[in-house]
Amino acid sequence: MASEDARYRQSSQFRLWSFSPAQLAAAREKANILAQSSIAARLASTPNTSAPTSNANTPDRDGTPSLPEFLTPAEEATMVSFYVSELLRAGDHAEVGEVVKATGAAFFRRFYITNSIMTYPPQEMLIVSLFFACKAEGIFPRIGDFVSKFGRDRPDEILAGEYLLCQGIRFAFDVKHPFRALKGASMELRRLGDIEEQRINAAERRAREILNFSPLITDAYFHYTPSQIMLAALSLADRGLAERLISHTFHYVAPPTDSGPGTPMAIGDAPTTRRELKIEDKEAIIGSQIRDKVLGTVEACRDMLAKELPERREHWSNKAVFKAQIQPIRKKLAKCRDPDRYNLVELQRARREQAGNRSDSEEDEPEDNGRSLEKDAAVFGDALPRDTKRRKVVKTEDPFGPPL
Amino acid sequence: MSRKAAPAAVAARAGTASSLPISIDDMCPVCKTMRYLNKDMEFLINTECYHSMCSNCVNRLFNDGPNQCPYAGCHRTLRRKGFRSAFFGDLSVEREVDIRRRVAAVFNQAEDDFETLRDYNNYLQMVEDLTFDLVSGNESKRRNAEAQLQAWEASHKAEIERNRKAGREADEQARRRQTAEKEAARQRRLDAIREAEDEKRGRLLSREAELDSMASADGGQRVQLKRRGQTSRVETAVNTAMATADVGKLSIRGLKERKVPAPDVPYDPFGGMRELVLPSRYSLEDGLSHPGIDKYRYDQGHTTGGYDFDEYTARVMFEAFAGLGVFIEDEKEAGIGLSTGQVATIAAGIAAVGDKMELD
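Calculation rules
- Counting from 1, residues in each chain are numbered in the order their sequence is written.
- Lettering for chains starts from A, numbering for ligands starts from 1, and both go in the order in which the items are written.
- With the structure being a predicted model, the display of local features is reserved for residues of pLDDT at least 70 and the display and counting of side-chain atom pairs for 80 or more, all residues being used for whole-chain, interface and lining totals.
- Neither water nor hydrogens contribute to the side-chain values; these are computed over all heavy atoms in the structure.
- Only DSSP runs of H or I covering at least 4 residues are called helices, and only runs of E covering at least 2 are called strands; the numbering of each starts at the N terminus.
- Residue contacts are defined here by distance: any two heavy atoms, one from each residue, within 4.5 Å place the two residues in contact.
- Accessible area that two parts lose when put together, with a 1.4 Å probe and added across both, is what the buried area reports.
- By definition, a salt bridge exists where a carboxyl oxygen of Asp or Glu is found within 4 Å of a side-chain nitrogen of Lys or Arg.
- Polar contacts here mean pairs of N or O atoms no more than 3.5 Å apart (in protein, one a potential hydrogen donor and the other a potential acceptor; neighbouring residues in sequence count only if both atoms are side-chain atoms).
- Per-residue accessibility, obtained with a 1.4 Å probe over protein chains only, is compared with the maximum for each type, and a residue is labelled buried under 20%, exposed over 50%, and partly exposed between these values.
- Any two strands with at least two DSSP bridges between them are considered paired.
- Side-chain atoms within 4.5 Å are what join buried Ala, Val, Leu, Ile, Met, Phe, Trp, Tyr and Cys residues into a set we call a nonpolar core.
- Geometry is summarised by axes, namely lines fitted to C-alpha atoms with helices restricted to the contacting stretch, and by angles between N-to-C directions that run from 0 to 180 degrees.
- The cut-offs work like this: below 35 degrees is roughly parallel, past 145 is roughly antiparallel, 65 to 115 is roughly perpendicular, and the gaps in between are oblique.
- For any helix crossing, the convention is left-handed if the near helix is rotated counterclockwise from the far helix by under a right angle, and right-handed if that rotation is clockwise.
- Along the arc lie the directions from the helix axis toward the C-beta atoms.
- Surface patches are drawn from residues lacking salt bridges whose relative accessible area is over 30%; two like charges belong together within 9 Å, two nonpolar side chains (Val, Leu, Ile, Met, Phe, Trp, Tyr) within 5 Å.
- Using a 1.4 Å probe, accessible areas were evaluated by the Shrake-Rupley method; residue-level cover was limited to the displayed protein chains.
- Lys and Arg are tallied as positive, Asp and Glu as negative. Neither His nor the chain termini are counted.
- Charge placement uses NZ in Lys and CZ in Arg. For Asp and Glu, CG and CD serve respectively.
- Cysteine sulfur atoms are paired as a disulfide whenever they come within 2.5 Å of each other.
- Any pair of Phe, Tyr and Trp rings, taking the six-membered ring for Trp, is counted once the centres come within 6.5 Å. Such a pair is stacked with planes under 30 degrees apart, edge-to-face with planes over 60 apart, and tilted for the rest.
- pLDDT: the predictor's confidence for each residue, scored from 0 to 100.

Caption draft 1: Region of the structure containing the environment of A:L344. Residues and elements named next belong to chain A. When you line up the elements, L344 lands in helix α20 (residues 344-363). Put simply, L344 and A160 are 184 residues apart on the chain and 5.9 Å apart in space, counted from C-alpha to C-alpha. If we skip the residues at most four places from it in the chain, L344 touches Y120, P121, E124, M125, E157, A160, G161 and L164.

Caption draft 2: Layout of the interface of chain A and chain B. At the junction of the two partners, chain A supplies 53 residues and chain B supplies 42 residues. Buried surface at the junction of chain A and chain B, summed over both partners, amounts to about 4400 Å²; 57% is from carbon and sulfur atoms. Our count for the contact surface shared by chain A and chain B stands at four salt bridges. One salt bridge connects B:E331 with A:R9, and the closest N-O pair in it is separated by 2.6 Å. The interface formed by chain A and chain B includes 25 residue pairs in polar contact (both at pLDDT 80 or more).

Caption draft 3: Layout of the pattern of salt bridges. Applying the stated criterion across every chain, the model contains 48 salt bridges over all chains. Ionic pairing is found between A:D92 and A:K101, a salt bridge with its closest N-O pair at 2.5 Å. Using a relative accessible area of 40% as the deciding quantity, one classes A:D92 as partly exposed. The residue B:R164 makes a salt bridge to B:E161 at a minimum N-O spacing of 3.0 Å. One end of the pair is B:R164 and the other is B:E161, both in helix α6 (residues 157-213) and three residues apart, which spans about a single turn. Assessed through its relative accessible area of 40%, B:R164 is described here as partly exposed. Salt bridges sharing common partners tie together A:R239, A:E243, A:E299 and A:R302.

Caption draft 4: Examining the environment of A:Q289 more closely. Residue and element names in this part refer to chain A. Positionally, Q289 belongs in helix α17 (residues 288-306). On the accessibility criterion, Q289 (62% relative accessible area) is exposed. Between the alpha carbons of Q289 and V253 there is a distance of 9.8 Å; along the sequence they are 36 residues apart.

Caption draft 5: Main features of the side chain of A:S214. By the element assignment, A:S214 lies in helix α12 (residues 214-217). Within the structure, the side chain of A:S214 is placed 2.6 Å from the backbone oxygen of A:E308, a separation counted as a polar contact.

Caption draft 6: Structural detail: the pairing of strand β1 (residues 43-46) of chain B. Residues and elements named next belong to chain B. Residue alternation in β1 divides its side chains into two sets, F43 and I45 and L44 and N46, and both sets are buried. Alignment of β1 against strand β2 (residues 53-54), held across two bridges, turns out to be antiparallel. Across the sheet, the residue bridging to L44 is M53, located in β2. Counting the residues in the hairpin turn of β1 and β2 gives six residues, including Y50, whose phi is positive at 60°. Two strands pair when backbone bridges link them, and β1 and strand β5 (residues 83-85) are joined in this way by three bridges, in the antiparallel orientation. If you follow L44 over to β5, its bridge partner there is S85.

Caption draft 7: Local environment of the nonpolar core. Among the nonpolar cores identified, the biggest contains 114 residues, and A:F108 and A:L234 are the most heavily contacted of them. In this structure, B:C57, B:F62, B:C69 and B:F83 belong to the second largest nonpolar core, which totals 14 residues.

Caption draft 8: Highlighting the packing of helix α5 (residues 73-94) of chain A against helix α7 (residues 122-136) of chain A. Residues and elements named next belong to chain A. At a minimum axis distance of 10 Å, the contact between α5 and α7 shows a crossing angle of 45°. With respect to each other, α5 and α7 are oriented oblique. In this structure, α5 meets α7 at a crossing whose hand is right-handed. On α7, the residues that touch Y83, E86, L87, A90 and G91 of α5 are P122, Q123, L126, S129 and L130.

Caption draft 9: Molecular detail of the side chain of A:S235. Inspection of the secondary structure assignment puts A:S235 in helix α14 (residues 226-237). Sequence-distant contacts of A:S235, defined by excluding residues within four places in its chain, comprise A:A242 and A:R302.

Caption draft 10: Representation of the sheet that holds β2(B). Here we have three strands laid out as an open sheet, ordered β2-β1-β5 (chain B), and antiparallel in their pairing. Pairing within the sheet leaves two strands with one partner each, and these edge strands are β2 and β5 of chain B.

Caption draft 11: A look at helix α16 (residues 279-286) of chain A. Residues and elements named next belong to chain A. All of the buried residues along α16 are K282, I285 and I286. When α16 is viewed along its axis, its buried side chains cluster within an angular range of 75° and face the same direction. Contact partners of the buried residues in α16: α15 (239-249) and α17.

Caption draft 12: Representation of a negative patch on the surface in the model. Residue and element names in this part refer to chain B. A cluster of acidic side chains, namely E285, D286, D308, D310 and E311, defines a negative patch on the protein surface. Following the sequence through the fold, D286 ends up in the loop between α8 (274-277) and α9 (291-297). Under the relative-accessibility criterion, D286 is labelled exposed at 75%.

Caption draft 13: Seen up close, the state of the cysteines. One pass over the full model with this rule turns up zero disulfides over all chains. B:C69 takes part in no disulfide bond, and the closest cysteine sulfur to it belongs to B:C74, at a distance of 3.7 Å.

Caption draft 14: Looking closely at the packing of aromatic side chains. Summed over the entire model, instances satisfying the criterion amount to 23 aromatic pairs over all chains. For the ring pair A:F131 and A:F146, a centre distance of 5.1 Å and an interplane angle of 55° mean the geometry is tilted. Of the two residues, A:F131 sits in helix α7 while A:F146 sits in helix α8 (residues 143-149), which places them 15 residues apart along the sequence. With centroids separated by 5.0 Å and ring planes inclined at 40°, the aromatic side chains of B:F62 and B:F83 adopt a geometry described as tilted. With a gap of 21 residues between them, B:F62 in helix α2 (residues 55-62) and B:F83 in strand β5 connect regions that are remote in the sequence. Pairwise contacts between aromatic rings join A:F107, A:F132, A:Y163, A:F171 and A:F173 into one cluster.

Caption draft 15: Representation of the confidence of the model for chain B in the model. All names here are of chain B. Here chain B shows a mean pLDDT of 76. Residues at 70 or above account for 72%. pLDDT under 50 marks residues 1-22. Its contacts with residues more than four places away, or in other chains, come to 26 contacts. Predicted confidence is poor over residues 353-360, with pLDDT under 50, and the contacts of this stretch with residues over four places away or in other chains come to one contact.

Caption draft 16: Quick look at unusual backbone geometry. A positive phi angle, close to 60°, is found at A:E95, a residue other than glycine. Under the relative-accessibility criterion, A:E95 is labelled exposed at 68%. The phi torsion at B:K32 lies on the positive side, around 60°, for a residue other than glycine. Structurally, the position occupied by B:K32 is in the loop between α1 (5-19) and β1. On the accessibility criterion, B:K32 (51% relative accessible area) is exposed.

See the structure below:
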């Protein structure tokens, strides 16, 4: 097994945040269903809710308003993509680096895999993601300056969602990006020596442009590793270079005794001397079989990225598109969102209050929100003094919080 | 050799001890001389049959060469050379000790010779069984054990010899270490004495200087002072000579016994993690450059702090190739290293289920 692959498998990106398409779809569906049921329960338990439910639906014979129409997983995915494009625009506006934007987008997408857009407000969460991405990438802007860039004056709107985000991304703060990998690829291509400098430069520039948008707005980060994404972007920019790089890397041809005549020969210059490997190891690490598999994977990733080329930026920010596709979903979302959790500040205040109450009553301690926050993860929303039933929530000690 | 007669002797001894007021220690069973008559009487035994008799009898009977044991019913032929005085009063104990000594000389493996502690314990058990047979087994058992012992001794002669030598060497070493320790202690003591002496002398000298400073001192006293100083100087000279002689003999204490290192595999600085550290799909040899880095390579702002561009290159290259062979769809669905065929069938199954769910 290749050492690089073994090391990548240890990353949290692979362990926690890599899914097959089927798994990802299942996770999103599950999040959607859970959100629907919990929101339905909450709406039902608040009899005189505001206008959205009542004017959209006719009351039942019981007099309780019927439930609003919920978003489908597909609609949610569209919204997430839309908000990621918004996030990228916000990043441009706040003048943060490309890596920060990419990390923010990854956080945002990860958060909305296990959480529904109906539960937590995406408009807030995208700024939270961006702010937290700054921190994760080692840039520490002042919260006051940061919020003022977005025309807001209350930092707690962002801080309220921060811990929530951390729980949602399961505390996996390290996002592996393909940007640096692209530099490595260009280094390797330069070393080959027979490709014009300009061609490499042009391809690198274009690939970087693609990496700054396409993988972020698609599910590429969940389905492919950074190096595969990088190669796909490179392939979109200059297919010849990407294929050259792959065939150069997987150059090994088994000795003629067991290789059939149909085995494709490695192209490129003679392989540099490497440490000696066993033949079967070589075959598994840099052989032709795995090369074909990598080529296939890169091709699939390329197809995925090709759907959202950087030119589509315009598409997402286009007014007409917004009106035709996004606005209807947003209207629908306004009706079916979670009444308790959509206001992050209110939610956090309630949780803190509850934490204070609990520590007062149980431990006779002064209010200590920071410490008891974790415990509260299991019980948010139930402190709103509306329904006594809701206070009885099973206490679980999962630091990652409940599914929703 | 055999110990046939020994139990009989013990029994006889027990019998006399209980019936007679005079103990066997006081009367020779051969010539019936009593200790009362001969204060210097000494009892000797022969390891052939462990029958005790007084030294006079031994001289008398065996001076002219080998002779039969004078005890009734004991037909052993004894030699004068074999007689010695018993260390233990109880002759059965004496005999057992002798046997044990003999067995230990033959079975002289140390714990280090065995691979596991269990093996060593098993060996000790075997030796103890054999010894027990020799000491207090019946006739056949004893003969059997004797034969075993002799067979072992014959077949492992070289090994036994080597072990004995090793044991002797270890003893020797321990002894030497002990003497070295003693030597060092003596040295320290001497040093301490010398120091005290020096101090004393220093005090004397200073006192002398003090006296000298008193300009008007009479001659006689000065001579006396001088003489005293000389004697002490001679003493210290002797002491230092002794000390230097000791230093030559001193050996270093606490040295670990050197062991011959087993011919092992070469030392692995990565502790078996080499595979995870070295790149397998790319090489980090020279020739890697990027215009984005090159402009910083000689920038003082970067180089002054010791920034290593090779580190950056290594990281960049690692990221370019890490996970290239990780196929998330396969690995998350089927596990690492499964064949594509298996994966395909599994994926097909999942896809089918997914379709059904969507139809619902």
